[in-house]
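One-letter residues, chain by chain:
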Amino acid sequence: MKQKDLISPGRRQLLKGGAAMAVSVAGLGAMSAQAAECSGDKPPHFDEIVDVLVIGSGFAGMSAALQAKEAGASVMVIDKMPVFGGNSTINGGAMAVAGSKLQAKEGIKDSVDTMVADMLKAGRGMNDVEMLKLVCNGTSESCQWLEAYGVEWKPFVQHFGGHSLPRVLQTVQSSGAGIIRPLIKAAKQHGIEMRNQTKLESFVKDPAGRVIGVQVRDGYYFPQERTGKIHLIGARKGVIMATGGFSRDLEYRQMQQPELNGDLDSTNHPGATSEALKQMMLIGANPIHLDQIQLGPWASPDEKGFGTASQFNTIATYPSGIVVDVRTGERFFNELADRKARADAIMTRRDAQGNPVYPVGFTNAKGAAQAQTLEWGLKYKVIQKADTLEELAALYQIPAKALKAQVARWNDAVKAGEDKEFGRPMQKAMALEEGPWYGVRMWPKVHYCMGGVKVNTQSQVLHLVSNEPIDGLYAAGEATGGIHGASRLGACAVAEGVVTGRNAGRICAASAAIELKQA
């Protein structure tokens, strides 16, 4: 979407001064969800006041909150859902780190510049390079910061698609909960107020245009939009938006990408919607790359949501197996390409009527040895086991002769150390020589929004017209746009969320406090 298309004449008038989009001082008891800006010299009286208010409790939100608390600020975290963590809790818990201790232990030579180059390549050059450098520069130190709060990694480095070398660490739980739970525990121990079922309605701005707080619905029951009691929370130093993406907002995502309709499932939790993004836009935040929405190429049509296949394919199929078209028994793409390349390739597998022809990814017992969801996938028949390649072919109606020939060609490529067919990186490639075999049908699901609001390296949200910071408003994580360009590399969401969250928390906490009044 081009910038000129975003600004209608009416929109230009609305943004000129940003007047009708923040909370009114007068008549607070009768205020509606669409609030008006403070007028005159009389300041609003807030129900509660803190130094730093964080909206969202995922990787970015919890990192921002703890970093701000470390800096001595009083902090509150609010989340509209009944449980904390959002998508981060159900995330795979994998973090891309340039220069980790585990890389050094395995003799892997990596650098920030190499990680930046990999992300630029995946992003098709659309990335905000300065923000990209900020993230990559912060991964190693932030990894150690997480460890200090109790996060534990598996004792090996993984190679995810699109990365030129192995740099991915993963929690021992194979879940983002292995990061979120320690951070929430630490937040509570350090006196950070954690408030769930508290939904952002609008921003409160002073006459100069500074964000000084928010209007919320306290006691909100998702998705019943009119539930809860209207409440005002003030923020002396600033508001940090860590509200994630909008992958589960079918109407809004189709406005950006019409083909991402209801036929495509999403890996996200139900609360991944667009209202917080819209509220930022209403006070002038500059939206960027909203039409860049990522499909997860490791998902299966045989289960809902993130499921068991995603972790199995990430840990086992892609690094240690191959994916074939069931009609030919042959590979058709590089299994370690970036997510966009893989998802685009899989989406081409259709019959003459345009219906999906689900490819099958598979590996053997050796390749699946570290896949923690294997047992559950087998239990629910998302993953199927076969003792021989002939049996695997019969399970998925693949031509057995062609499948065996493909496996033989792959094994030859592994021995030669080069994939001449599709150029797959071979650092951790494994020959597929004996069963048993484990297969899974594959089809992408809507997973991540590369777009959001534009921020600078100080994590300040930038105004659509002036390109200057909106005073008092910060953002981090998936709520922001531009870092990943056209495609996010796997394991870079944790990296982005933790690094940018800490950046926002540190800078917001160091900003000058304003005087606010409490009711």
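Look above for the structure.
A few points on the structure. Note that the structure is a prediction, hence the values are computed from the model and not measured. (Residues numbered from 1 in each chain as written. Predicted model: local features only at pLDDT ≥ 70, side-chain atom pairs only at ≥ 80, totals over all residues. Heavy atoms only, no water.)

1. Points about the sheet that holds strand β12 (residues 322–324)
In step 1: Here we have 4 strands laid out as an open sheet, ordered β12-β13-β15-β14, and antiparallel in their pairing. The outermost strands of the open sheet, each flanked by one partner alone, are β12 and β14 (383–386). Neighbour-to-neighbour, the strand axes of this sheet turn through a mean angle of 30°, independent of strand direction.
In step 2: Strand direction decides the pairing type here: strand β13 (residues 360–364) and strand β15 (residues 437–441), joined by 5 bridges, are antiparallel. Within β15, the position partnered with Thr-363 by the bridge is Tyr-438.
In step 3: The sheet strands contacting helix α15 (residues 400–416) are β12 and β13, and the helix crosses β12 at an angle near 150°. (Pairing = 2+ DSSP bridges. Helix = DSSP H or I, 4+ residues; strand = E, 2+ residues; numbered from the N terminus. Axes fitted to C-alpha atoms, helices over the stretch in contact; angles between N-to-C directions. Contact = heavy atoms within 4.5 Å.)

2. A short note on the pattern of salt bridges
Where charged atoms from two side chains of opposite charge approach closely, those side chains can pair.
In step 1: Counted according to the given criterion, the structure contains 26 salt bridges.
In step 2: Of the charged contacts in the structure, one is a salt bridge between Arg-502 and Glu-141, with a shortest N-O distance of 2.6 Å. Taken together, the residues Arg-502 in helix α16 (residues 492–510) and Glu-141 in helix α7 (residues 129–148) connect sequence positions 361 residues apart.
In step 3: Among the charged side chains, a network of salt bridges with common partners joins Arg-331, Glu-335, Asp-419, Glu-421 and Arg-424. (Salt bridge = Lys/Arg side-chain N within 4 Å of Asp/Glu carboxyl O.)

3. Quick word on the pairing of strand β19 (residues 469–475)
In step 1: Here β19 lies mainly inside the structure; 5 of its 7 residues are buried.
In step 2: The antiparallel pairing of strand β18 (residues 460–462) with β19 creates a hairpin that spans 6 residues between the two strands, and Asn-467 there sits at a positive phi of about 60°. (Buried < 20%, exposed > 50% of the residue type's maximum accessible area, 1.4 Å probe, protein only.)

4. Here's the deal with the state of the cysteines
In step 1: In this structure the tally under the stated criterion is 0 disulfides.
In step 2: Among the cysteines around Cys-449, which has no disulfide bond, Cys-492 carries the closest sulfur, lying 16 Å off.
In step 3: The exposure class of Cys-449 is buried, given its relative accessible area of 1%. (Disulfide = S-S within 2.5 Å.)

5. Regarding unusual backbone geometry
In step 1: A cis geometry characterises the amide bond from Phe-222 onward to Pro-223, with omega recorded as 0°.
In step 2: Tracing the backbone through its elements, the reader meets Pro-223 in the loop between β8 (211–218) and β9 (229–241).
In step 3: Note the cis peptide between Gly-435 and Pro-436, where omega equals 5°.
In step 4: One non-glycine residue, His-289, lies in the positive phi region at around 60°.
In step 5: We note that Gln-397 has phi near 55°; this positive angle belongs to a residue other than glycine.
In step 6: Take Gln-397: it is sitting in the loop between α14 (389–396) and α15.
In step 7: Take Gln-397: its relative accessible area is 71%, and that puts it in the exposed class.

6. Let's talk about the side chain of Thr-480
In step 1: Locating Thr-480 in the fold gives a position in the loop between β19 and α16.
In step 2: Reaching out from Thr-480, the side chain makes a polar contact with the backbone oxygen of Gly-477 at a distance of 2.7 Å.
In step 3: Setting aside its immediate chain neighbours within four residues, Thr-480 contacts Met-450, Gly-451, Gly-452, Val-453, Val-455, Ala-475 and Glu-496. (Polar contact = N/O pair within 3.5 Å; in protein donor to acceptor, adjacent residues only side chain to side chain.)

7. A short note on the packing of α7 against α16
In step 1: Orientation of α7 relative to α16, taken along the N-to-C sense of each, is 90°, at an axis distance of 8 Å. Considering the angle they form, α7 stands roughly perpendicular to α16. Between α7 and α16, the contacting residues are Met-131, Leu-134, Val-135, Gly-138, Thr-139, Glu-141, Ser-142, Trp-145 and Leu-146 on the first element and Ala-495, Glu-496, Val-498, Val-499, Thr-500, Arg-502 and Asn-503 on the second.
In step 2: In terms of residue class, the contact of α7 with α16 is built from 8 nonpolar, 5 polar and 3 charged. (Parallel < 35°, antiparallel > 145°, perpendicular 65-115°, else oblique. Nonpolar A, V, L, I, M, F, W, Y, C, P; charged D, E, K, R; others polar.)

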